[in-house]
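The primary structure of each chain is shown beneath.
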Amino acid sequence: MTESEVEIVEVGPRDGLQNIARFIPTDVKIDLIRRIADAGFTRMEFGSFVSPKAIPQMQDMEAVMAGLPPMPNVAGMTLVPNAKGAHRALAAGVKNLIFVLSVSEAHNQSNVRRSTDASIADLKAMLEEIDPLNELTIRVGLATCFHCPFDGVTDEDKVLATLEKIIPLREGMEYAISDTTGMATPAHVKSLTKRCIDTFGGSARFCFHGHDTAGFGIANILAAMDGGIRSFDTSVAGLGGCPFAPGATGNIPSEDVVYLFQRLGVTTGIDLEKLLDAGTMILAESGVPMASHVRAIPRARLFADLLGIPPSQAVAA
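Residues numbered from 1 in each chain as written. Predicted model: local features only at pLDDT ≥ 70, side-chain atom pairs only at ≥ 80, totals over all residues. Heavy atoms only, no water.

Looking at an unreviewed UniProt entry, one finds the protein named Hydroxymethylglutaryl-CoA lyase, with Acuticoccus sediminis as its source organism. What UniProt states about the protein under its Sequence similarities (unreviewed entry) heading is, verbatim, "Belongs to the HMG-CoA lyase family." (UniProt positions renumbered as here; feature names shortened; annotations may be inferred.)

Undergrad: I'd love a proper account of the overall build of the protein, names of residues and values included.
TA: Within the protein, the secondary structure is distributed over 13 helices and ten strands. The C-alpha atoms of the protein give a radius of gyration of 19 Å, which matches the 20 Å a tight globule of 317 residues would have. Across the 317 residues in the protein, those meeting the buried criterion constitute 53%. Of all intrachain contacts in the protein linking residues separated by at least 6 positions in sequence, the fraction that spans at least 24 positions is 74%. (Helix = DSSP H or I, 4+ residues; strand = E, 2+ residues; numbered from the N terminus. Rg over C-alpha atoms; globule rule 2.2 N^0.38 Å. Buried < 20%, exposed > 50% of the residue type's maximum accessible area, 1.4 Å probe, protein only. Contact = heavy atoms within 4.5 Å.)

Undergrad: Pulling in residues and values, what's your account of the side chain of Thr180?
TA: You can see Thr180 is positioned in the loop between strand S8 (174–178) and helix H8 (186–200). Within the structure, Thr180 has its side chain in polar contact with the backbone nitrogen of Thr144 (distance 2.7 Å). (Polar contact = N/O pair within 3.5 Å; in protein donor to acceptor, adjacent residues only side chain to side chain.)

Undergrad: Now, about the packing of aromatic side chains: what can you tell me, with residues and values included?
TA: Taken as a whole and assessed by the stated rule, the structure comprises three aromatic pairs. Taking 6.0 Å as the distance between ring centres and 40° as the angle between the ring planes, the aromatic pair formed by Tyr175 and Phe206 counts as tilted. With Tyr175 in strand S8 and Phe206 in strand S9 (residues 205–209), the pair connects residues that are 31 residues apart, well separated along the chain. Accessibility expressed as a relative area gives 1% for Tyr175, which makes it buried. An angle of 35° between the planes, with centres 5.8 Å apart, marks the rings of Phe232 and Phe261 as tilted. Separated by 29 residues along the polypeptide, Phe232 in strand S10 (residues 231–234) and Phe261 in helix H10 (residues 254–264) bring together distant segments of the chain. Relative accessible area serves as the criterion here: at 0%, Phe232 is assigned to the buried category. Residue Phe261 is classed as buried on the basis of its relative accessible area, which comes to 0%. (Phe/Tyr/Trp six-rings, centres within 6.5 Å; stacked < 30°, edge-to-face > 60°.)

Undergrad: Which residues make up the side chain of Ser254, and what are the values?
TA: Tracing the backbone through its elements, the reader meets Ser254 in helix H10. For Ser254, a relative accessible area of 0% corresponds to the buried category. A distance of 2.6 Å separates a polar atom in the side chain of Ser254 from a polar atom in the side chain of Glu10. The contacts of Ser254, once residues within four sequence positions are left out, are Glu10, Phe41, Thr234, Ser235, Val236 and Leu275.

Undergrad: Describe the packing of H10 against helix H11 (residues 272–286), listing the residues and the values that go with them.
TA: Following both chains from N to C, one finds H10 and H11 inclined at 165°, their axes separated by 10 Å at the closest point. With respect to their mutual orientation, H10 and H11 come out roughly antiparallel. As H10 packs across H11, the resulting crossing turns out to be left-handed. The residues of H11 that touch H10, namely those facing Ser254, Glu255, Val258, Tyr259 and Gln262, are Leu272, Leu275, Leu276 and Gly279. Grouping the constituent residues of the contact of H10 with H11 by class yields five nonpolar, three polar and one charged. (Axes fitted to C-alpha atoms, helices over the stretch in contact; angles between N-to-C directions. Parallel < 35°, antiparallel > 145°, perpendicular 65-115°, else oblique. Left-handed = near helix turned anticlockwise from the far one by under 90°. Nonpolar A, V, L, I, M, F, W, Y, C, P; charged D, E, K, R; others polar.)

Undergrad: Residues and numbers for the pairing of strand S5 (residues 137–143), please.
TA: Among the seven residues in S5, six count as buried, and that is most of the element. Summarising the sheet, strand S4 (residues 96–102) and S5 pair through seven bridges and their orientation is parallel. Across the sheet, Phe99 pairs through a bridge with Val140, a residue of S5. In this structure, S5 lies alongside S8, joined through four bridges in parallel fashion. Bridged to Arg139 within S8 is Glu174. (Pairing = 2+ DSSP bridges.)

Undergrad: Describe the pattern of salt bridges, naming the residues involved and giving the relevant values.
TA: Summed over the entire model, instances satisfying the criterion amount to 22 salt bridges. Put simply, Asp38 and Lys274 hold a salt bridge, and the shortest N to O gap is 3.4 Å. Of this pair, Asp38 sits in helix H2 (residues 26–38) while Lys274 sits in helix H11, and the two are 236 residues apart along the sequence. Owing to a relative accessible area of 46%, Asp38 belongs among the partly exposed residues under this scheme. For Asp122, the salt bridge identified is with Arg114, shortest N-O distance 3.1 Å. Exposure remark for Arg114: the relative accessible area of 31% places this residue in the partly exposed category. One salt-bridge network, in which partners are shared between bridges, spans Glu7, Arg43, Arg139, Glu174, Arg205 and Asp233. (Salt bridge = Lys/Arg side-chain N within 4 Å of Asp/Glu carboxyl O.)

As structure tokens, this is what we get:
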């Protein structure tokens, strides 16, 4: 991937929908995934195989997977909290799994009721059980890398120490350096992502997962890029927020990030108009307010600069 190319990973179907109170029908979830794929995303979260008591929105994951059309060019990921969830995912045909643990002990206890070291041991045991031949693609979502809702700012050395325990478990895993609460500053994001890449870049792949609680989301994307990251998690219409991180708001809107990179001349491979249409659909179905700045701009004006024409001509057209 060159300096003028980035990967945007769409997390709306999982992280975006998971804490919406209104149950989103299975056919709507399938339609959202189809629309996102049609917009050009080659990697996305399809959902999570979790307890329906913990996350009621994800109770229909088997049906969602069964109803998806063939998507040979899309790597669909699902979150699995344990081996039971992993076996469900594998039975549904998923080969790209996400395991989440928190750098912060307090958040890990709130999220999964165990210590961070216990979660690392769980990951090791799960990998040995479900994938002894190393045939699956595994992403580890490292929550609270920058800030914990209970303990405050996370020390960078603690993140690196956690990675030192996980990376030896298996070669080639991807790590999502996550601003779970959306409270990270750009300086912190650049510093930590650069340290992660400088220290472990030869043996691990990294992406950045942010939220926009403090309004720093877009700035943090650019800071992570300055730190060496080229893969970014975003959510259509800015849907989402961690149900286990009190006060955290939505994810960074996909539309805003795609538009920013297009204005900067950075290639994303995403069709912005199709992405906007996908967002319009899911906002109507979910009943949640939009969180995207780009969605508030009239489309004619939005595309004028991308087309290289004056806004007046775009409006007239």
